[in-house]
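What the coordinates show
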Amino acid sequence: MGTDGSAWIVSRTARAPSNIAVIKYWGKRDEDLILPLNSSISVTLDPNDLSATTTVSTSPDFDADRLWLNDKEVSLSSHRYVSCLKELRDRATDVKDEKTGIVITKEDWKHLKLHIVSKNNFPTAAGLASSAAGFACLVFTVAQLMGIKESFPGELSTIARRGSGSACRSLHGGFVKWEMGKRDDGKDSIAVPLAEHHEWDDLRIVICVVSSRQKEVSSTSGMQESVQTSPLLHYRAKEVVPKRITEMEEALSKRDFSSFAKLTCADSNQFHATCLDTSPPIFYMNDTSRRIIGLVERWNKSEGSPQAAYTFDAGPNAVIFVPQKSGGALLHRLLYEFPPPEGMNLSSYVVGSTELLEALGIDK
Ligand code: ADP
Ligand code: DP6
Ligand code: CO
């Protein structure tokens, strides 16, 4: 009860961006703790573009933990939600809500229930890392509500990782490495920031939404099947990725676009080859995805050096990296190959910054 005897409600809201891997995570060595077979590197996107927004509330009137995702109630019974919430409750502290003056003690958090309302501003389960934005946001918002401070750097990322592996990387901006770690308890399997994005401020990211349909094979079950059946996956995790991680860190620290582009495209292609090497094979890309690869490859070949780099997560949607000076040329090529459907105007087909629209001659 509140200080005046009335029932109360205390809430927090936060937003977390999605991230796209340039050196991919695909395969776990521990399914429960979500420990990966290899380290990975990603770039966190601008939350104005792709993000989850989550409000978490608590009240003595609530009788169960509940989640509404994109306006529909979904079950919280999955092991992933259960372990994230348990890890957070274990770390809850005494807090005083500034707005209401309500004091909630460490002991209270053990019994108080949470209502979680989350919305993604981009397609869910379509290969644009909604699980990353979603779980990073959930963990961050609950941690704010419960007054949780990290007891070691990266602690919150170890909790987000329990929701979805890729989520640990969304707790930082810019380029982020998820260290696979060596320990069995996962305490060293954390996300660490690499170069800040603004330090590579002439790099632009173009997202081509090829399909917003939910994928048929979730990332979780896809990678389980690959671990069980793909020899390429094990070779990749052991022999290929460790070298690529070092090379990618070097390319990022030097702002070497050419090496960055070669590594990014090669790693996306090997990840999708691993999916094809899985039995039964998994096809995340479609014909449109392959046409985008063709477009970038032809452009890079005709110029004699990388002008752009593509990558595809577990879905058909393309993420293209391009130096600012080549951004306009990339957009013109994309629009020539994929003109807007009849009747749709360019400004609703291409959505983005003023800079991007100006490159196309669109006035906003
Ligand atoms: P994606 O490629 O979008 O990451 P995944 O198959 O990895 O697809 O994960 C999709 C799942 O992530 C959803 O079915 C849901 O369980 C969870 N998820 C997505 N968005 C959120 C969110 N905002 N809050 C909580 N969970 C979310
Ligand atoms: C292809 O993190 O969605 O996007 O840990 O099972 O939730 P779970 O899987 P998820 O897998 C992401 C796979 C990827 C590559 C990456 O983000 O590194
Ligand atoms: Co995901």
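What counts as what
Residues numbered from 1 in each chain as written. Chains lettered and ligands numbered in written order. Predicted model: local features only at pLDDT ≥ 70, side-chain atom pairs only at ≥ 80, totals over all residues. Near = placed C-beta within 6 Å. Nonpolar A, V, L, I, M, F, W, Y, C, P; charged D, E, K, R; others polar. Core = buried A, V, L, I, M, F, W, Y, C linked by C-beta atoms within 7 Å. Buried ≥ 20, exposed ≤ 12 C-beta atoms within 10 Å, placed from the backbone. Helix = DSSP H or I, 4+ residues; strand = E, 2+ residues; numbered from the N terminus. Contact = placed C-beta atoms within 7 Å. Pairing = 2+ DSSP bridges. Axes fitted to C-alpha atoms, helices over the stretch in contact; angles between N-to-C directions. Expected span 1.5 Å × (residues − 1). Arc of directions from axis to C-beta. pLDDT = per-residue confidence, 0-100.

1. Looking at the site of ligand 2
- Around ligand 2 lies a shell of 15 residues, among which Ala21, Tyr25, Ser164, Gly165 and Ser166 are the nearest.
- Within the shell around ligand 2, the residues separate by chemical class into six nonpolar, seven polar and two charged.

2. Points about the nonpolar core
- Core analysis: the largest hydrophobic core is formed by 85 residues, its most contacted members being Leu88, Ala136, Val139 and Ile320.
- Per element, the largest residue contribution to this core is 11 residues, and it comes from helix H3 (residues 130-145).
- Once you skip the residues sitting within four places of it in the chain, Ile320 turns out to touch Val206, Cys208, Val296, Ala308, Ala309, Tyr310 and Leu330.

3. Let's talk about the site of ligand 1
- Neighbouring ligand 1 are 22 residues; Ser130, Ser131, Gly134, Ser218 and Ser219 lie closest to it.
- Mapped by element, the contributors of at least two residues to the shell around ligand 1 are strand E11 (113-120) and H3.
- The element that contributes the greatest number of residues to the shell around ligand 1 is H3, accounting for six residues.

4. Here we look at the sheet that holds strand E5 (residues 40-44)
- With antiparallel pairing, the four strands of this open sheet are ordered in space as E2-E5-E12-E13. Sheet topology places strand E2 (19-23) and strand E13 (191-193) at the edges, where each strand pairs with a single neighbour. When the angles between neighbouring strand axes are averaged without regard to direction, this sheet yields 35°.
- Here strand E12 (residues 175-178) runs beside E13; their pairing, made up of three bridges, is antiparallel. Note on E13: the bridge partner recorded for Trp178 is Ala191.

5. Some remarks on helix H6 (residues 231-254)
- Compared with the 34 Å implied by 1.5 Å per residue over 24 residues, the 34 Å span of H6 between its first and last C-alpha is a close match.
- Residues of H6 that are buried: Leu233, Arg236, Ala237, Val241, Arg244, Ile245, Met248, Ala251 and Leu252.
- For H6, the elements touching its buried residues are E2, E5, E12, helix H5 (219-229) and helix H7 (257-276).

6. Looking at the sheet that holds strand E7 (residues 66-69)
- Strand order in this open sheet of five strands is E1-E6-E11-E7-E8, and the pairing throughout is mixed. Strands with a single pairing partner mark the edges of an open sheet, and in this sheet they are strand E1 (10-17) and strand E8 (72-74). Between one strand axis and the next, the sheet turns through 20° on average, direction left out of account.
- Of the pairings in the sheet, the one linking E7 to E11 comprises four bridges and is parallel in character. Looking at E11, one finds that Leu69 is bridged to Ser118.

7. Remarks on helix H8 (residues 287-303)
- The first and last C-alpha atoms of H8 sit 25 Å apart over 17 residues, in line with the 24 Å expected at 1.5 Å per residue.
- Restricting attention to buried positions, one finds in H8 the residues Ser289, Ile292, Leu295 and Val296. Down the axis of H8, the buried set is contained in an arc of 120°. They therefore lie on one face. The exposed set on the far side of H8, more than 90 degrees from its buried face, consists of Asp287, Gly294, Arg298, Lys301 and Ser302.
- Tucked into the core, H8 has its buried residues touching strand E14 (203-208), strand E15 (309-311), strand E16 (318-323) and helix H9 (324-337).
- At the C-terminal side of H8, Gly304 shows a positive phi close to 80°.

8. Quick look at the pairing of E7
- Taken together, the three bridges between E7 and E8 define a ladder with antiparallel strand orientation. For Leu67, the partnering residue across the bridge sits in E8 and is Val74.
- Connecting the antiparallel pair E7 and E8 is a turn made up of two residues, with Asn70 showing a positive phi of about 50°.

9. Notes on the confidence of the model for the protein chain
- Chain-level statistics for the protein chain give a pLDDT mean of 94 and a share of 97% at 70 or above.
- Both scores are available for the predicted complex, with the pTM at 0.95 and the ipTM at 0.99.

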